[in-house]
Amino acid sequence: MNSIEIKNLSLNFGDVKVLKDLNLTIEKGEFLVLLGASGCGKSTLLNCIAGLLDVTDGQIFINEQNVTWLEPAQRGIGMVFQSYALYPQMTVEGNLSFSLKNAKLAKDEINRRVKNASEILQIEDLLKRKPAALSGGQRQRVAIGRALVRDVDVFLFDEPLSNLDAKLRTELRVEIKRLHQKLNNTMIYVTHDQIEAMTLANRIAIMRDGLVLQLDDPKNIYNFPINKYVAEFIGSPGMNFLQGKINNKDNVSFQIDDTLFELDGYNFQTIVEDKRPVWLGVRPENIVVNDGNKSMPVNFDVVVEVIEPMGADTLVWSHFNGHEFRFTVDGNKVINIGEKINLGFDPLHISIFDFESEDRL
Amino acid sequence: MLTKVHPERLFIGSIMLAFALLIMATVGIKPQLLQSLQFLILFVSLLLVIWIGIKAGKFDIITNRLRNRAVGWLIAATFSTALWSFAHKSTQLVFPALKEFRKIWNTFEPFALFATVVFILFALILFIVGSRDSKLERPGFIERSLVHNLSSKIAALPMVLTAVGVFVIATLWTVYHSFTNSRMLPKSEFIGLAQYERLWNSDRWYMSIENLAIYGACSLIFSLVIGFMLAALLDQKTRFENTFRTIFLYPFALSFIVTGLVWQWILNPDYGVQKIVRSLGFDSFVFNPLYNMDIVIYGILAAGLWQGTGFIMCLMLAGLRGIDQEIWKAARIDGIPMWKTYIQIVIPMMRPVFITTLVIIAAGIIKVYDLVVAQTSGGPGISSEVPAKYVYDYMFGAQNLAQGFAASTMMLVSVLIVLIPFTYLEFGRRKNA
């Protein structure tokens, strides 16, 4: 059963087209992350689903009900904002119960729901405090609680962790994941942080210029990015790109200047003709440093230029045929600047993109 | 025990004491005795400086920074010596022309002398402290009070003196003279509460207070309500918002006199609203509030509101803009109707703006004067008098200073009665929160 269905959604601000004919289906209990650079329309899409923005065209269904022109409160959604948006002059309890009181619920029911939500989020001790007396993490918990008490099927998160410091962010990230596993509600989560997206999502929708580029589970997005933009956006440190052309004489291979990389094992989507200009993308973590024996199908040499130790592993910067080339090695491995290293990778883990359209081949 | 006594603090304290004695002597309380006492204390300060020097024991090379400051104080001492010698007896022998300034100089002389002594003492102590403090981590008491941010302290001094002079001394002077029988010029002949008795027996004063109460209550409520409503309407992503804002704010650019004159014409039966409606054919239409004793104050109120609400609106609009847009979104998701969001969430959040606005409106109410003068001159009869006009008229018109002072003291008292509990509540709240 579909929880949310978005059909041909468009939104224009004057002449600016923010969302362009967008279609999206979200299953019940799914955790969908909308990921994209700022200005890609991800928050706008979330606001449309919430009913905070009037759409120009298209329809939105929540639980099979057309809610396109319903008020936000009637859509059965709860929303958590980046700036928490707590009501500052009310206590935590007041914040949690305000919408319920306004909906004229029975007092027992209100108390039960507030108690339940505060237990789940571990904010029982804070109920009598005002938001000003809470830390960022506690405030965001209360904000989640405010969505929780409304007993809704769909949760919307608008960059909820962006105002927190790095440590709290990781902690709360796990908690949101736990919350999802516990409640099994549909959640839509907007972020520009790819780590959040990868860790939280059942499926990620990568957006750009008001369009969904790729909608898939995190693993597929990471391994099989649909185009060069997605490949660049996902993964840290970012993917390496080498510009060359396809050599299709006997075996399919990638030619960069005079060097040939055999592409045996790479799954081409289409038949690729000879001499087609392409990008070859390979992730730093898929590069293997060869110690004498060449274990990988493709091998080449680079000179170490800069070393960035990051604890568990070390990021090494170098150049290959004029292209910047990064790769990670084990943190314990000794590497010297200026050293010539032999590297290898498996064509199974690379991506080939068309030079012009930048689509995956 | 002696280690607990800070000679540096004693030093600053004794200089302040000497200064206080100097001022008392200048005012005229036992000048001879106090002046010699003052020099005695300054001598004690010198001993304290020597004590500090002995206590410091080992001397180092003075730090550059402090040496410059010490030299600065020496230069200041040179200047004050120059001032002191100006018109002194021995200087007069050389420049007889300076005899002219003898009278000014008499009050001036002890201060210049005092300054010279103190500045030299400061320079001395900075030399000592500077030689010692170079070894300490934290600047000593002397260094902190004489060196740190000194230029800003000096720069603030004239304004501090002005503020104290205007707000404290002038106020006390006014209250003091309200108990006298000063007529055209202030006199110090006490007559007790007679001026207040006269004030509270005057119909005109009662009328003024009544008018102020009506004007104040209405103007407070209406400018807040109308100002907030306009701001809330403009905040709804209104088209031509800038234009509307400018139009609403324009009256604020006019002075009260002009506003009063404009509204006098508008409300005038021969040129204004009544004339227009009558010329439309309603011959028996009557609308002349400024000539009706019962409602004349509302005519003034209309002009006051027209002039002031635009500004209130701007303040409110700024307050509304300061509210996080996500609060609005959250309230919409929570299903709170818009009017309820305004009343229960937004207005409480705008508390600081409301307090600022309240103070501005209240100040405007208390000082309403020119509007009345321009529109009605207090008429018809005394029916549109206000306290500020009463004060002005008695002080400068009727040449009865003490009566005017008594009225202004009453105004001050009533303002304080409102203000003190209000400030107390405000500051008390903040401490508790």
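Residues numbered from 1 in each chain as written. Chains lettered and ligands numbered in written order. Predicted model: local features only at pLDDT ≥ 70, side-chain atom pairs only at ≥ 80, totals over all residues. Heavy atoms only, no water.

**Looking at the overall build of chain A**
When its secondary structure is counted, chain A shows eight helices and 20 strands. Oriented by its inertia axes, the alpha-carbon framework of chain A measures out at about 75 × 45 × 35 Å. When burial is assessed residue by residue, chain A has 50% of its 361 residues classed as buried. Taking the contacts inside chain A whose residues are at least 6 apart along the sequence as the reference set, 67% of them involve residues at least 24 apart. Accessible surface, chain A: about 16,500 Å² in total, of which carbon and sulfur atoms supply 46%. Charged side chains in chain A number 39 positive and 49 negative. The centres of these two groups are separated by 8 Å. (Helix = DSSP H or I, 4+ residues; strand = E, 2+ residues; numbered from the N terminus. Buried < 20%, exposed > 50% of the residue type's maximum accessible area, 1.4 Å probe, protein only. Contact = heavy atoms within 4.5 Å. Areas by Shrake-Rupley, 256 points an atom, 1.4 Å probe, with all protein chains shown as cover. Lys, Arg positive; Asp, Glu negative; His and termini not counted. Charge placed at Lys NZ, Arg CZ, Asp CG, Glu CD.)

**Things to note about a nonpolar patch on the surface**
All names here are of chain B. Together, Val160, Val164, Val166, Phe167, Val168, Ile169 and Leu172 make up a nonpolar patch on the protein surface, roughly 660 Å² of accessible area in all. Mapped onto the elements of the fold, Val168 is located in helix H7 (residues 150–177). On the accessibility criterion, Val168 (42% relative accessible area) is partly exposed. (Patch = residues over 30% accessible without salt bridge, like charges linked within 9 Å, V, L, I, M, F, W, Y side chains within 5 Å. Salt bridge = Lys/Arg side-chain N within 4 Å of Asp/Glu carboxyl O.)

**Considerations on the packing of aromatic side chains**
By the definition in use, this model includes 37 aromatic pairs over all chains. An angle of 75° between the planes, with centres 5.5 Å apart, marks the rings of A:Tyr87 and A:Phe98 as edge-to-face. Linking A:Tyr87 in the loop between strand E6 (77–80) and helix H2 (92–102) with A:Phe98 in helix H2, this pair joins segments that are eleven residues apart in sequence. The interplanar angle of 20° and the centroid separation of 6.3 Å between the aromatic rings of B:Phe244 and B:Phe248 together place this pair among those described as stacked. Taken together, the residues B:Phe244 and B:Phe248, both in helix H10 (residues 241–249) and four residues apart, mark about one turn of the helix. Under the relative-accessibility criterion, B:Phe244 is labelled partly exposed at 36%. Using a relative accessible area of 28% as the deciding quantity, one classes B:Phe248 as partly exposed. These aromatic residues form a ring-pair network of at least three members: A:Phe254, A:Phe261, A:Phe300, A:Phe320, A:Phe325 and A:Phe345. For the cation-ring pair, A:Arg146 lies above A:Tyr87, with the distance from its terminal atom to the ring centre recorded as 4.8 Å. (Phe/Tyr/Trp six-rings, centres within 6.5 Å; stacked < 30°, edge-to-face > 60°. Lys NZ or Arg CZ within 6 Å of the ring centre and 35° of its normal.)

**Describing the environment of A:Ile49**
Residues and elements named next belong to chain A. Within the fold, Ile49 resides in helix H1 (residues 42–50). Its relative accessible area of 0% is what places Ile49 among the buried residues. Distance in space between the C-alpha atoms of Ile49 and Ile188 is 9.6 Å, their sequence separation being 139 residues. For Ile49, the residues in contact, after removing those within four places along its chain, are Ile4, Ile6, Ile60, Ile62, Arg75, Leu156 and Ile188.

**Some words on the pattern of salt bridges**
Close approach of charged atoms allows side chains of opposite charge to pair. Residues and elements named next belong to chain A. Within the structure shown, the criterion is met by 23 salt bridges over all chains. Its salt-bridge partner being Glu93, residue Lys128 comes within 2.6 Å of it at the nearest N-O pair. Pair noted here: Lys128 is in the loop between helix H3 (107–121) and helix H4 (136–148) and Glu93 is in helix H2, with a separation of 35 residues, a long-range link. Judged by its relative accessible area of 24%, Glu93 is partly exposed.

**Digging into the domain arrangement of chain A**
Residue and element names in this part refer to chain A. Splitting chain A by domain gives domain 1 (2–233) and domain 2 (240–354). Taken together, the two surfaces of domain 1 and domain 2 that pack against each other cover about 690 Å², and 57% of this comes from carbon and sulfur. The largest per-residue losses of area from domain 1 upon contact with domain 2 belong to Tyr222, Lys228 and Ala231, which jointly make up 69% of the total buried on that side. At the surface where domain 1 touches domain 2, the tally comes to two residue pairs in polar contact (both at pLDDT 80 or more). (Domains from an automatic or database assignment. Buried area = accessible area lost by both parts, 1.4 Å probe. Polar contact = N/O pair within 3.5 Å; in protein donor to acceptor, adjacent residues only side chain to side chain.)

**Here's the deal with the packing of helix H11 (residues 256–267) of chain B against helix H13 (residues 296–321) of chain B**
All names here are of chain B. Packing of H11 against H13 leaves a shortest axis separation of 10 Å and a crossing angle of 130°. Taken together, the axes of H11 and H13 lie oblique to each other. In this structure, the crossing between H11 and H13 has a hand that is right-handed. Residues Phe256, Thr259, Trp263 and Leu267 of H11 form the contact with H13, whose participating residues are Gly299, Ala302, Ala303, Trp306 and Gln307. (Axes fitted to C-alpha atoms, helices over the stretch in contact; angles between N-to-C directions. Parallel < 35°, antiparallel > 145°, perpendicular 65-115°, else oblique. Left-handed = near helix turned anticlockwise from the far one by under 90°.)

**Here's the deal with H2(A)**
Burial analysis of H2(A) places nine of its eleven residues in the buried class, which makes it a mostly covered element. Every buried residue belonging to H2(A) is among A:Val92, A:Gly94, A:Asn95, A:Leu96, A:Ser97, A:Phe98, A:Ser99, A:Leu100 and A:Asn102, and all of these are buried.

**Thoughts on the pairing of strand E1 (residues 2–13) of chain A**
Residue and element names in this part refer to chain A. In this sheet, strand E2 (residues 16–27) lies alongside E1 in antiparallel orientation, the contact comprising eight bridges. Within the sheet, the bridge partner assigned to Leu11 lies in E2 and is Leu19. Taking the residues that link successive antiparallel strands as the turn, the E1-E2 hairpin has two residues, and the phi of Gly14 there is positive, at about 65°. Taken together, the five bridges between E1 and strand E4 (residues 57–62) define a ladder with antiparallel strand orientation. Bridge pairing in E4 links Ile4 to Ile62. (Pairing = 2+ DSSP bridges.)

**Focus on the sheet that holds strand E10 (residues 211–216) of chain A**
All names here are of chain A. Spatially, six strands are ordered E6-E7-E8-E3-E9-E10 in an open sheet, and the strand pairing comes out mixed. Lying at the two open borders of the sheet, with one neighbouring strand each, are E6 and E10. Between one strand and the next, the sheet's axes are offset by a mean angle of 20°, whatever the strand orientation. In the sheet, strand E3 (residues 31–35) pairs with strand E8 (residues 186–191) via five bridges, with the strands oriented parallel. From the neighbouring strand, Val33 faces E8, where its bridge partner is Tyr189. Each of E3, strand E7 (154–158) and E8 is contacted by helix H5 (residues 166–183), which is oriented at about 160° to E8, the strand it contacts most.

**Overview of the sheet that holds strand E20 (residues 350–354) of chain A**
Residues and elements named next belong to chain A. Spatially, the five strands line up as an open sheet ordered E13-E12-E11-E14-E20, and their pairing is antiparallel. Each having just a single partner strand, strand E13 (259–262) and E20 make up the two edges of the open sheet. Going across the sheet, the axis of each strand differs from the next one's by a mean of 40°, ignoring polarity. The pairing of strand E11 (residues 240–247) with strand E12 (residues 253–256) spans three bridges and is classified as antiparallel. Bridged to Asn247 within E12 is Ser253.

**A short note on the side chain of A:Ser3**
Residue and element names in this part refer to chain A. Tracing the backbone through its elements, the reader meets Ser3 in strand E1. For Ser3, the side chain forms a polar contact with the side chain of Thr186, separated by 2.9 Å. Those residues in contact with Ser3 that lie beyond four places of it in its chain are Ile26, Glu27, Lys28, Phe61, Ile62, Asn63, Val154 and Thr186.

**Observations regarding the interface of chain B and chain A**
Quoted interface sizes are often the accessible area lost when the parts come together. Taken together, the contact pairs 17 residues of chain B with 26 residues of chain A. Of all residues in chain B, B:Arg332, B:Ile333 and B:Asp334 bury the most surface against chain A, accounting for 38% of the area lost on that side. The shortest N-O distance in the salt bridge between A:Glu71 and B:Arg332 comes to 3.9 Å. Our enumeration of links across chain B and chain A arrives at nine residue pairs in polar contact (both at pLDDT 80 or more). Top element by residues in the side of chain B that touches chain A is helix H14 (residues 325–333) of chain B. It accounts for seven residues. Classifying every residue of the side of chain B that touches chain A gives nine nonpolar, two polar and six charged. (Nonpolar A, V, L, I, M, F, W, Y, C, P; charged D, E, K, R; others polar.)

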